[in-house]
Structure formats: C-alpha cells, structure tokens
Amino acid sequence: MHTTEVKILLEKYYEGATTLPEERQLEAYLLSPGADPQFAAEARLFGHLAKAKQETLPTAAAKEIEQRLQHTAPNPFYRSRQLWYYVGGIAAALLIFFTVAISFYRQPANTHFVAGTSYTRAEAEAAVLQTQQALAFVSAKWTQGTEPLKKLGTLQNTQDKMQNLGALDRNVKTINHSMTKASESLDELERLSKIKIVIN
Amino acid sequence: MKKITMIAAALVLMLTGATAQTQSPTDALFDKYGAKDGFTTVHITKELFSLFAEVTQEAEGDDMQELNKVVQGLDFIRILMLKDTVQSRQLTEFRNELNGVKLKDFSELMTVNEGGESVKFMIRKNGKNINELLLIINQPKEAGFISITGNIDLKTIAKLSKSMNIDGMENLDKIK
C-alpha cells in the first residue's frame, strides 16, 4: 500500500468514515511486517484493538453474570406501577372534589344565588335599579318630547268643543226663532180671538 | 345533492340575516369603550330581565309591575356614557365618533333639546314592531347612548316613570 493511500485511509478512519473492507485493509497493512515505520503508533493502536477483539469472557463467569441478572428481584415499585396509577388518579379526583366542595361552602354568607342562574341577588337587584333608571330616563325624555303634541291635541279638543258650542248656539237660536214665531202666532190668535169677541 | 346545497345556502343566508338583525351599529362603540376609564357602561341581558319578577316580588308599587311588564319583552339594555372629567378632549372625540355612527336601518322619531342637552330618539323596526330604540344623548358635560332591544312598547315605557324623578344618568354604576 502506498503511504499516501494509508494516510488518506487513516484520516477517514479517525473521522469514522471508513468502510469495513477499508478498515480491514488498513489493519492488514499496519499489522504486516512491511508497514512503514512512520505509522508505528497507528500500528500499535491497531495491534491493541485486534488483541481486544480476540479476548473473550470465561464461560463460567459469563454464566454466573447471566444467572445473577435473571435472579435479580424486580423493584416492587415498578411491579405495582399500574396500581399506583389507579391510586394516584383516585387521589387527584378526590382532591378536586373536595376543593370544589370547600370553595362552594365558603361562599360569603350574604351572597345568595338567584335560583337557576349564575347571578347573585345583589347583582340582580342592581340590574333592576339600573333598568329602572334607564327606562325612567327614556320615559321622561319621551314625555318631554311628546308633551307639546299633547297640548296640540288638547287645543284641537277645545276647538272641537267650541264648534259644538257653536252648533248648540245655532240650535238655541233656531229654538228662539221658533219660539218667537209661536209667540207671534199666539198673539195673532189672541188678536183674532179679540176680534171675535168684538164680533160677538 | 343540488337540493341539499341549496337548502344549506338558504340556511346560511337566514342565519346571516338573523345575526345582522340582532347586531346594533353601536356594538362597536360599546366594545371599544366598554372597559375604558371614565366610561359608565351598563349591559343588562335577557337572563337578568327574566329574574326581575323574582327580585321585585317584595317591592311594592305599580311602577314595579309596569317595569316588569316592559322588561319581559326586552333582549338587552346597553348604556355607554362618558362624563367630562379631566380629559375634555376625550369627550369631544367620543362625541364626534358617537354622532358619526351610521344608522342606516334607523329612523328618527324626535329630538328633545333643552338647555344645551339634546336627546335623539331613533328606532329600528322589524315589520310593525320596534325592535331597537336608541337614544343618542349629548349633554354639555356628558355624552353617550342608551340602546334597548327586543319587543319595545313605547306606550308602556311612556307611562313608566312619572313617579321617578330622574334627570341625568349620574346614578348609573358599572355592572357589566
């Protein structure tokens, strides 16, 4: 292998970019007796690594570790994790329930909810007062605005009454006229009767 | 399929119409100034009106009965008033905005002017019924409006309050 090629492969190796065949090729070169002495350090590293690969755990020790792992008692907490979830859920539900219940019973004594609503009696009473005042204002202004129209209406009524009086007056005059006529007729009768008397 | 699309379109149109009918042009003003300092805002809903009988049952007098009669048909009352306190510029700006509200569905009933105070009565009708009565109030030191929506009987309102001595809106507190 050419040294330049070895340098490139080493650079790639340290960057972790080499493929397995390249690593094998590099290892084979560095561990070969004909390797360039300038790569002595890398050769030692690869030598250690190759040695480490070949090391195996004694069978007895491996078996003992395996047995110990299998016989380790499981942590009681993890074994009953499901149970703890149930207990925690029930506790949270109870906590929420009691918080709501306590806050409900701790309402100030003077606060009475109006049946079936979320308003307090004080709020409802304030609303009545506000409505009363607002409508009274509207009513007062309405009356103020329509008052002149009412006066006009009254004037019209008065005019109608005057017209009625006029008609009455005319009727009275007619009656007077009729009465005068009747009176004249009576006078005439009386005159005639006088004449008659004179004749007799 | 075509039929279903047409029915859906008609429903959407009806809903849009209904929404437009219930919206008042003063809503924007109420939303804009409702929470600001210096403004008196009152918004009384239909739900509260329904409680009036319960709340006023202990109160005596014909005026309470009349009041109950009037409010049973109402949807809500909204009041927004601004008093001239420190910032008179704020009152001028608000007054301009109030008088510039477009009231295209409304017709003017009358304006009562007295001693520098002007109260304009506007109504919006739905067929023969009045469904909104709007009073635009301009006084020398305060301005605002009262909007009453629902089934409004002006005759009963007119009868309401000869016994109540109300000249201004000074007694209104905030309940929103």
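Scroll up to find the structure this text is about.
Just so it is clear, the structure is predicted and the values come from calculations on it, not from any experiment.

Trainee: Help me get a handle on the packing of aromatic side chains, residues and values and all.
Mentor: Residue and element names in this part refer to chain A. Evaluation of the coordinates by the stated rule reveals eight aromatic pairs over all chains. Both rings, one in Y13 and one in Y14, keep their centres 5.9 Å apart while their planes meet at 70°; by these two values the pair is edge-to-face. A relative accessible area of 21% means that Y13 is categorised as partly exposed. A ring pair is formed by Y13 and F46, whose centres lie 4.9 Å apart and whose planes are at 45°; its orientation type is tilted. Note that Y13 is positioned in helix α1 (residues 3-14) and F46 in helix α3 (residues 40-54), a separation of 33 residues in sequence. Joined through ring pairs, the aromatic side chains of Y13, Y14 and F46 make up one cluster.

Trainee: I'd love a proper account of a nonpolar patch on the surface, names of residues and values included.
Mentor: Taken together, the side chains of I90, L94, F97, F98 and I102 of chain A define a hydrophobic patch exposed on the protein surface, amounting to about 520 Å² of accessible area. Mapped onto the elements of the fold, L94 of chain A is located in helix α6 (residues 81-105).

Trainee: Before we move on, could you go through the sheet that holds strand β2 (residues 74-83) of chain B and cite the residues and values that matter?
Mentor: Residues and elements named next belong to chain B. One open sheet accounts for six strands, arranged β1-β2-β6-β5-β4-β3; its pairing is antiparallel. Each edge of the open sheet is held by one strand with a lone partner, namely β1 (39-45) and β3 (106-114). Pairwise comparison of adjacent strand axes, ignoring direction, gives a mean angle of 10° for this sheet. Bridge analysis of β2 against strand β6 (residues 142-150) gives nine bridges, and the strand direction is antiparallel. Bridge pairing in β6 links M81 to G144. Of the strands in this sheet, β1, β2, β5 (129-139) and β6 touch helix α6 (residues 88-99), which is tilted by about 35° from β6.

Here is what the cut-offs are and how they apply
Residues numbered from 1 in each chain as written. Chains lettered and ligands numbered in written order. Predicted model: local features only at pLDDT ≥ 70, side-chain atom pairs only at ≥ 80, totals over all residues. Heavy atoms only, no water. Phe/Tyr/Trp six-rings, centres within 6.5 Å; stacked < 30°, edge-to-face > 60°. Buried < 20%, exposed > 50% of the residue type's maximum accessible area, 1.4 Å probe, protein only. Helix = DSSP H or I, 4+ residues; strand = E, 2+ residues; numbered from the N terminus. Patch = residues over 30% accessible without salt bridge, like charges linked within 9 Å, V, L, I, M, F, W, Y side chains within 5 Å. Areas by Shrake-Rupley, 256 points an atom, 1.4 Å probe, with all protein chains shown as cover. Salt bridge = Lys/Arg side-chain N within 4 Å of Asp/Glu carboxyl O. Pairing = 2+ DSSP bridges. Axes fitted to C-alpha atoms, helices over the stretch in contact; angles between N-to-C directions. Contact = heavy atoms within 4.5 Å.

By themselves, these figures tell us nothing about what the structure is for.
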